[in-house]
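As a plain string of letters, each chain reads:
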Amino acid sequence: MTKFRKLNRPTGHRMSMLRTLVSQLIKHDRIETTVAKAKEIRRLADNMVQLGKEGSLCAARRAGAFVRGDAVIHKLFSELAYRYKDRAGGYTRMLRTRIRVGDAAPMAYIEFIDRENELRQSKPPTPQPPQRAAMDPWTRSRLTRQFAPPKEEKSFDPEI
C-alpha cells in the first residue's frame, strides 16, 4: 500500500483538488501552493509526464482520466513529452518561498525544469553508465579468484 498525504480532506475533495493542481501545473508550468500539496503534486505530475513520454493510446486514456482539459492533454503529450525525452525522471522542482500571512503555512513554488524563465537552472541529466557484458558464472568465479588475495594458512600453536 502506498503512502500519501491526506491533506485533512475527504477522498473525493482531495483527489479533485490534486487533479486540478496537476492540470494547472501542466498548463502554466509553475504554480505556488503549500509545501505539503507541492510534495503530493510532484509525485502525480511526474507520473503524468511518464505517461506523456509513453505516448500510447492507453497512456493517453489514463492521463485523460486524471488531468482536466484537452489543451492540457495535448501539451502533456506533445510539448512535455518532447522536452523530457532524454530525462529518466525528476521533471519537477519544488522551491520554498515564504510563510503565508493568514495561517503561517509554508508556501512553495513547484515548477517543471528545463524551460524558459525558470527560477533556478537545472542540472543536466546524468549520462547512463555503459552496460557491462553479462558473464557466465564460471568466468566470474575465475576472475574473482584471480584478483582475490591469497588465503593465509592458520597455524594452531598450543602453548600450555
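Quick caveat, the model's predicted, so the values are computed rather than measured. (Residues numbered from 1 in each chain as written. Predicted model: local features only at pLDDT ≥ 70, side-chain atom pairs only at ≥ 80, totals over all residues. Heavy atoms only, no water.)

(A) Inspection of the overall build of the protein at higher detail. A count of helices and strands for the protein gives 5 helices and 3 strands. Listed N to C, the secondary structure of the protein is α-β-α-α-α-β-β-α in terms of helices and strands. Relative to its full complement of 160 residues, the protein shows a buried share of 32%. Counted over contacts in the protein with a minimum sequence separation of 6, partners at least 24 positions apart contribute 60%. Carbon and sulfur atoms make up 54% of the accessible area of the protein, which amounts to about 11,900 Å² in all. (Helix = DSSP H or I, 4+ residues; strand = E, 2+ residues; numbered from the N terminus. Buried < 20%, exposed > 50% of the residue type's maximum accessible area, 1.4 Å probe, protein only. Contact = heavy atoms within 4.5 Å. Areas by Shrake-Rupley, 256 points an atom, 1.4 Å probe, with all protein chains shown as cover.)

(B) Structural detail: the packing of helix H2 (residues 35–54) against helix H3 (residues 57–66). Following both chains from N to C, one finds H2 and H3 inclined at 150 degrees, their axes separated by 8 Å at the closest point. If you check the angle between H2 and H3, you find them roughly antiparallel. In the crossing of H2 with H3, the sense of the turn from one axis to the other is left-handed. Only Ala59, Arg62, Ala63 and Phe66 of H3 make contact with H2, whose side of the interface consists of Leu44, Met48, Leu51 and Glu54. (Axes fitted to C-alpha atoms, helices over the stretch in contact; angles between N-to-C directions. Parallel < 35°, antiparallel > 145°, perpendicular 65-115°, else oblique. Left-handed = near helix turned anticlockwise from the far one by under 90°.)

(C) Here's a closer look at the sheet that holds strand E3 (residues 106–112). In space, the 3 strands of this open sheet follow the order E1-E3-E2, with antiparallel pairing throughout. The sheet is open, and its two edges are formed by strand E1 (30–34) and strand E2 (92–99), each paired on a single side. Taking the axes of each pair of neighbouring strands and ignoring which way they run, one obtains an average angle of 25 degrees across the sheet. Against the sheet, helix H1 (residues 11–28) engages E1, E2 and E3, with an angle of about 150 degrees to E1. (Pairing = 2+ DSSP bridges.)

(D) Molecular detail of the packing of H2 against helix H4 (residues 70–83). In the contact formed by H2 and H4, the axes pass within 8 Å of each other and the chain directions differ by 90 degrees. The angle between H2 and H4 places the two elements in the roughly perpendicular class. Of the residues in H4, those in contact with Met48, Val49, Leu51, Gly52 and Lys53 of H2 are Leu76, Phe77 and Ala81. Residues belonging to the contact of H2 with H4 are distributed by class as follows: 6 nonpolar, 1 polar and 1 charged. (Nonpolar A, V, L, I, M, F, W, Y, C, P; charged D, E, K, R; others polar.)

(E) Highlighting the pattern of salt bridges. Following the criterion strictly, the structure yields 10 salt bridges and no others. A salt bridge links Glu40 to Arg5; its shortest N-O distance comes to 3.1 Å. Pair noted here: Glu40 is in helix H2 and Arg5 is in the segment before H1, with a separation of 35 residues, a long-range link. Its relative accessible area of 34% is what places Arg5 among the partly exposed residues. With its nearest N and O atoms 2.8 Å apart, the salt bridge here joins Glu40 to Arg43. Of the two residues, Glu40 and Arg43 are both situated in helix H2; the distance of 3 residues between them amounts to about one turn of the helix. Arg43 gets classed as partly exposed once you look at its relative accessible area, which sits at 36%. Sharing partners across several salt bridges, the network here consists of Asp29, Lys75, Glu79 and Arg83. (Salt bridge = Lys/Arg side-chain N within 4 Å of Asp/Glu carboxyl O.)

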